[in-house]
Amino acid sequence: MGKDEVLRQELGRLHNIPLYKSFVAGWPQVESFQARHDDLLIATYPKSGTTWLSEILDAIYHDGNLEKCRRDAIYNRVPFLEMKAPGILSGEHLKLEKTPSPRLVKTHLPVHLVPASFQEKDCKVIYMARNAKDVVVSYYYFHQMAKIHPDPGTLSEFLQAFMDGKVAYGSWYEHVKGWWEKRHKKRLLYLFYEDMKKDPRREVQKILQFLGKKVAEETMARILHHTSFQEMKKNPAANYETMPTALMDHSLSPFMRKGISGDWENHFTVAQNEHFDRHYQQHMAGSDLCFQMEA
Ligand SMILES: Nc1ncnc2c1ncn2[C@@H]1O[C@H](COP(=O)(O)OS(=O)(=O)O)[C@@H](OP(=O)(O)O)[C@H]1O
């Protein structure tokens with residue numbers, strides 16, 4: 001499989017979810033991935049604040065030492081478990097094998113597809129969820145710049161594909177609800193992008209408590225500043241600008257796009273919003289998982 005077979009291809013299928021064909025081809029190695037007990041898994045549906053959470057965790061792991069946080073690009077500091085783009089990036093599980101413990105591992109996998117060794121080794125997991133409407137807008141722009149995705153078409157077409165679960169990683173509903181069902185597990189922390197936006201200090205405290213760590217007040221202040229949207233946007237180690245342009249073209253839309261809650265209001269028409277709300281209510285009926293949709 002070469003570069004041309006990776007870019008702008010239709011999606012393949014991994015079990016019950018649509019996924020990039022290159023990831024599907026690499027799945028046997030990912031499925032048999034050997035987790036270590038002190039690995040921390042960062043799990044999200046795409047465009048839900050993965051990079052933000054990753055930067056926060058790397059900063060915590062390095063006690064707010066910003067020089068260490070800039071040692072490499074975020075996709076090398078926190079490798080993306082199932083990522084494979086032959087001709088551009090080889091399998092990330094290989095990178096992980098060489099990473100010293102304690103490792104931070106990124107995944108977008110739904111809970112039922114996480115490799116068994118993470119459970120066997122009783123690894124801690126932090127899941128971050130973001131409201132569906134902002135995810136869909138962010139994902140739409142990401143499809144334009146990240147060419148591993150099929151062409152997204154119009155926003156209206158993309159919205160329908162998202163609602164139908166026909167985008168990479170499948171149904172947002174199944175993803176957020178699947179992980180939510182596990183939220184009572186002691187070694188899982190379920191966070192929300194919107195909470196992190198509203199009160200990052202409180203959310204970072206939650207993370208520290210979950211990890212059994214403490215930081216000095218000045219370290220906390222440094223971590224919060226370093227992981228603010230404005231700082232991450234201009235930080236080449238965090239903003240993905242070092243990715244090969246063949247894979248991500250920031251001139252089409254920057255990876256660090258807006259970093260706000262409620263941007264969907266600038267994109268959805270009234271009709272699209274009503275259509276989406278009806279669908280949303282059907283698919284979230286009976287669940288106590290609630291999202292803040294407004295800024
Ligand atoms: N520090 C900080 N604060 C607030 N928001 C931030 C931050 N860092 C990244 N972002 C925004 O997160 C969106 C990208 O999500 P992910 O990192 O999950 O993307 S990916 O799935 O890993 O490709 C994307 O959202 P949109 O701006 O809405 O497109 C990023 O801008």
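What counts as what
- Residues numbered from 1 in each chain as written.
- Predicted model: local features only at pLDDT ≥ 70, side-chain atom pairs only at ≥ 80, totals over all residues.
- Heavy atoms only, no water.
- Pairing = 2+ DSSP bridges.
- Helix = DSSP H or I, 4+ residues; strand = E, 2+ residues; numbered from the N terminus.
- Axes fitted to C-alpha atoms, helices over the stretch in contact; angles between N-to-C directions.
- Contact = heavy atoms within 4.5 Å.
- Phe/Tyr/Trp six-rings, centres within 6.5 Å; stacked < 30°, edge-to-face > 60°.
- Buried < 20%, exposed > 50% of the residue type's maximum accessible area, 1.4 Å probe, protein only.
- Lys NZ or Arg CZ within 6 Å of the ring centre and 35° of its normal.
- UniProt positions renumbered as here; feature names shortened; annotations may be inferred.
- Polar contact = N/O pair within 3.5 Å; in protein donor to acceptor, adjacent residues only side chain to side chain.

Caption draft 1: Examining the sheet that holds strand β6 (residues 188-192) more closely. If you walk across this open sheet you meet the four strands as β4-β3-β5-β6, and the pairing is parallel. Of all the strands in the sheet, the pair left with one neighbour each is β4 (104-107) and β6. Pairwise comparison of adjacent strand axes, ignoring direction, gives a mean angle of 20° for this sheet. Helix α11 (residues 200-211) rests against β3 (40-44), β5 (124-129) and β6 of the sheet, and its axis sits at about 175° to β6.

Caption draft 2: Highlighting the packing of aromatic side chains. Evaluated as defined, the whole model comprises 26 aromatic pairs. An angle of 70° between the planes, with centres 5.9 Å apart, marks the rings of Tyr 140 and Tyr 141 as edge-to-face. With centroids separated by 5.6 Å and ring planes inclined at 45°, the aromatic side chains of Tyr 140 and Phe 158 adopt a geometry described as tilted. Of this pair, Tyr 140 sits in helix α7 (residues 132-145) while Phe 158 sits in helix α8 (residues 155-163), and the two are 18 residues apart along the sequence. Phe 158 shares its class with Tyr 140; the two are buried. One aromatic cluster is present, formed by Tyr 127, Trp 172, Tyr 173, Trp 179, Trp 180, Tyr 190, Phe 192, Trp 264, Phe 268, Phe 276, Tyr 280 and Phe 291 through successive ring pairs. Lying over the aromatic face of Phe 80, Lys 106 brings its terminal NZ or CZ to 4.4 Å of the ring centre. Its end group placed over the ring of Tyr 61, Lys 213 keeps NZ or CZ at 5.0 Å from the ring centre.

Caption draft 3: View of the UniProt feature "domain: Sulfotransferase" (unreviewed entry) in the chain. Per the UniProt record, "domain: Sulfotransferase" (unreviewed entry) is found at residues 38-287. Along residues 38-287, the helical share is 45% and the strand share 8%, with 32 Å between the first and last C-alpha atoms.

Caption draft 4: Representation of the environment of Thr 99 in the model. Residue placement: Thr 99 occurs in the loop between α5 (92-98) and β4. The buried category is assigned to Thr 99, whose relative accessible area is 18%. On a C-alpha basis, the gap between Thr 99 and His 279 in space is 43 Å, while along the polypeptide they are 180 residues apart. The contact partners of Thr 99, leaving out residues within four places of it in the chain, are Arg 36 and Pro 79. One polar contact links the side chain of Thr 99 to the main-chain carbonyl oxygen of Lys 95, over a distance of 2.9 Å.

Caption draft 5: Focus on the side chain of Asn 131. Along the chain, the position of Asn 131 falls in the loop between β5 and α7. Looking at Asn 131, its side chain comes within polar contact range of the main-chain nitrogen of Lys 133, at 3.1 Å. From its side chain, Asn 131 meets the backbone oxygen of Gln 292 in a polar contact 3.5 Å long. Those residues within four positions of Asn 131 in sequence are excluded, and the remaining contacts are Trp 172, Glu 194, Trp 264, Phe 291, Gln 292 and Met 293.

Caption draft 6: Structural view of the side chain of Glu 203. Here Glu 203 shows up in helix α11. Relative accessible area serves as the criterion here: at 1%, Glu 203 is assigned to the buried category. Only 3.1 Å separates the side chain of Glu 203 from the side chain of Lys 206, close enough to count as a polar contact. Among all residues touching Glu 203, those that are not within four sequence positions of it are Leu 191, Asp 195 and Met 196.

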